[in-house]
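Analysis of the macromolecular model
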Amino acid sequence: MVRDHGFHPVRIKRIVQETADTRTYVLDAPFPYRAGQFLTVRACGALRSYSMSSSPDTDRELMTTVKRVPGGLVSNWMHDHLSPGDLIETTSPAGVFCLREGTTPLVALCGGSGVTPILSLVKSALATTERRVRVLAANRDADSVIFGDTLTELAKRHPGRFDIRHHLDDRQGLVTAAEVREFVAGDLGADFYLCGPAPFMALTENTLLGQGVEAGQIVAERFMVPDPAVGEPGVDAEAVPETGGGTVTVVLAGKRRTVDQHPRESLLESARRGGLMPPFSCEMGNCGTCIARLTEGEAKMRVNNALDDDEVTDGWVLTCQGEPVTAHVTVEYES
Ligand SMILES: Cc1cc2nc3c(=O)[nH]c(=O)nc-3n(C[C@H](O)[C@H](O)[C@H](O)COP(=O)(O)OP(=O)(O)OC[C@H]3O[C@@H](n4cnc5c(N)ncnc54)[C@H](O)[C@@H]3O)c2cc1C
């Protein structure tokens, strides 16, 4: 698979106010994409990823939904400065938070703006498969529920196949492990899709694993850097072998820098140490903004939630997660 790494000017066709702090941007973007994928927007000198709330199987237009983050740079800029007709710069769609093959039910657990890629997945699963789909959507209160009407409408159109349960913190307190256990009890063989704030992700993932769900049944999309106090299930720092000396060469925008390898240093960090400023966004192996191609040697990624197997075979690497496993490694960023 060939990836398009550039930024494209994309016109905003319409803006839909979903809740007081959430808007959907309907984009005039001719990109092919898969349900659950995201675009990375370049704005205010920063890069931020936003998932599609539309489905390529049921929606003619591509839509992405953005919730204001208090104090956040790009989400607030998008809400305060963008109007229909404006151009934004985005990458083409990327990401691996996508439907897997199979016939088992799909169970999604989402919180707040995490419903965005879940809605995309639900629409595609209902339209293109016979699978049963269930969603637990957690929000602070009724006014914060994003896509409430759309989800209710889907449940009406697919009786017996699609169930949506809303959890409202102001009435029930935060989601608990007991509630997650009860919700998933009859479906422990399902594929599970998780997307929400870091503590929500940790709670749901740990509860599922505690119920005997295999890690391979769980697909998680992490929007924000996790709280270190909460930990990040699934990341195995020991899986990355030590390197003994050697070099990392980075090629970016016509510049070539070679630095010594430092143990546990990512390729992105090596590039920065070499005085280069490659693109990056989440630094968690999720968004794919930092990808580059390995043209010499090998690297192992600590976490890879963005590249599919073909892309890895083609030599693409998430530089924020890649650590060299050979003495000499060269990575080249596309300009
Ligand atoms: C794969 C992926 C998909 C995503 N999809 C969506 C989506 O569909 N919808 C959506 O709304 N979001 C989505 N996100 C999240 C989104 O990319 C942004 O992280 C989010 O909008 C916040 O960006 P921001 O620039 O507004 O906030 P930032 O400026 O990044 O700030 C984030 C938080 O950090 C705090 N902060 C910032 N600087 C400092 C500092 N110096 N010290 C202390 N605190 C600080 C801010 O107050 C704020 O609370 C996704 C993320 C990923 C990785």
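Residues numbered from 1 in each chain as written. Predicted model: local features only at pLDDT ≥ 70, side-chain atom pairs only at ≥ 80, totals over all residues. Heavy atoms only, no water.

**Observations regarding the overall build of the chain**
Assigned secondary structure in the chain consists of 8 helices and 18 strands. Computed over the C-alpha atoms, the radius of gyration of the chain is 20 Å, within 12% of the 20 Å expected from 2.2 N^0.38 for a compact globule of 335 residues. Relative to its 335 residues, the chain shows a buried fraction of 53%. Pairs at least 24 apart in sequence give 69% of the contacts found in the chain among residues at least 6 apart. A total accessible area of about 15,100 Å² is found for the chain, and carbon and sulfur atoms account for 50% of it. Charged side chains in the chain number 33 positive and 45 negative. The centres of these two groups are separated by 4 Å. (Helix = DSSP H or I, 4+ residues; strand = E, 2+ residues; numbered from the N terminus. Rg over C-alpha atoms; globule rule 2.2 N^0.38 Å. Buried < 20%, exposed > 50% of the residue type's maximum accessible area, 1.4 Å probe, protein only. Contact = heavy atoms within 4.5 Å. Areas by Shrake-Rupley, 256 points an atom, 1.4 Å probe, with all protein chains shown as cover. Lys, Arg positive; Asp, Glu negative; His and termini not counted. Charge placed at Lys NZ, Arg CZ, Asp CG, Glu CD.)

**Looking at the pairing of strand β6 (residues 87-90)**
Burial of the side chains of β6 is restricted to one face: Ile-88 and Thr-90 are buried, whereas none of Leu-87 and Glu-89 on the reverse face is. Strand direction decides the pairing type here: strand β1 (residues 8-19) and β6, joined by 4 bridges, are antiparallel. Across the sheet, residue Pro-9 finds its bridge partner in β6, namely Glu-89. Both strand β3 (residues 38-43) and β6 contribute to a ladder of 2 bridges, which runs antiparallel. Among the inter-strand pairings, Arg-42 is bridged to a residue of β6, identified as Glu-89. (Pairing = 2+ DSSP bridges.)

**Quick look at the domain arrangement of the chain**
Taken domain by domain, the chain consists of domain 1 (8-90), domain 2 (106-222) and domain 3 (239-332). A separation of 28 Å is found between the C-alpha centroids of domain 1 and domain 3. The interface of domain 1 with domain 3 comprises 5 residues on the first partner and 7 residues on the second. Carbon and sulfur atoms make up 52% of the area that domain 1 and domain 3 hide from each other, which totals about 370 Å². Counting across the interface, domain 1 meets domain 3 through 0 salt bridges. At the boundary of domain 1 with domain 3, the tally comes to 0 residue pairs in polar contact (both at pLDDT 80 or more). Contributions of two or more residues to the side of domain 1 that touches domain 3 are made by β3 and β4 (46-51). (Domains from an automatic or database assignment. Buried area = accessible area lost by both parts, 1.4 Å probe. Salt bridge = Lys/Arg side-chain N within 4 Å of Asp/Glu carboxyl O. Polar contact = N/O pair within 3.5 Å; in protein donor to acceptor, adjacent residues only side chain to side chain.)

**Concerning the sheet that holds strand β11 (residues 218-222)**
Read across the open sheet, the 5 strands follow the order β9-β8-β7-β10-β11; overall the sheet is parallel. Whereas interior strands pair on both sides, the edge strands pair on one side only; in this sheet they are β9 (162-168) and β11. In this sheet, adjacent strand axes meet at a mean angle of 10 degrees when their direction is disregarded. Note that strand β7 (residues 106-111) and strand β8 (residues 133-139) share 6 bridges and pair parallel. What sits directly across from Val-107, in β8, is Arg-134. Packed on one face of the sheet, helix α5 (residues 177-184) meets β7, β8, β9 and β10 (191-196) and runs near 155 degrees to β7. (Axes fitted to C-alpha atoms, helices over the stretch in contact; angles between N-to-C directions.)

**With respect to the site of the ligand**
Around the ligand sit 22 residues in total, of which Arg-48, Ser-49, Tyr-50, Val-74 and Ser-75 are the nearest. Val-74 places a main-chain nitrogen or oxygen 2.7 Å from an oxygen atom of the ligand. Between an oxygen atom of the ligand and a side-chain N or O atom of Ser-75, the distance comes to 2.5 Å. In isolation the ligand has 960 Å² of accessible area, and contact with the protein removes 68% of it. At the level of secondary structure, the elements contributing two or more residues to the shell around the ligand comprise β4, β5 (62-67), α1 (73-81) and β11. Here the shell around the ligand takes 4 residues from β4, the largest share from any one element. A domain split of the shell around the ligand shows at least three residues from each of domain 1 (8-90) and domain 2 (106-222). (Near = heavy atom within 4 Å.)

**So, the packing of α5 against helix α6 (residues 198-210)**
Put simply, α5 and α6 touch, their axes get as near as 9 Å, and they point 55 degrees apart. It follows from the interaxial angle that α5 and α6 lie oblique. Between α5 and α6 the crossing geometry is right-handed. Contacts between α5 and α6 involve Ala-177, Val-180, Arg-181 and Val-184 on the former and, on the latter, Leu-203, Thr-204, Thr-207 and Leu-208. Along the lines of polarity and charge, the residues of the contact of α5 with α6 split into 5 nonpolar, 2 polar and 1 charged. (Parallel < 35°, antiparallel > 145°, perpendicular 65-115°, else oblique. Left-handed = near helix turned anticlockwise from the far one by under 90°. Nonpolar A, V, L, I, M, F, W, Y, C, P; charged D, E, K, R; others polar.)

**Thoughts on the nonpolar core**
Counting 24 residues, the largest nonpolar core has Ile-118, Val-122, Val-135, Phe-162 and Tyr-193 as the members making the most contacts within it. Secondary-structure elements contributing two or more residues to this core are β7, α2 (115-128), β8, α3 (148-157), β9 and β10. Among the elements that make up this core, the one with the highest residue count is α2 (7 residues). If near-sequence neighbours (up to four positions away) are discounted, Ile-118 is found in contact with Phe-97, Ala-108, Cys-110, Val-135, Tyr-193 and Cys-195. In terms of nonpolar packing, the next biggest core, distinct from the first, is built from 22 residues, Leu-252, Ala-271, Leu-294 and Tyr-333 among them. (Core = buried A, V, L, I, M, F, W, Y, C linked by side-chain atoms within 4.5 Å.)

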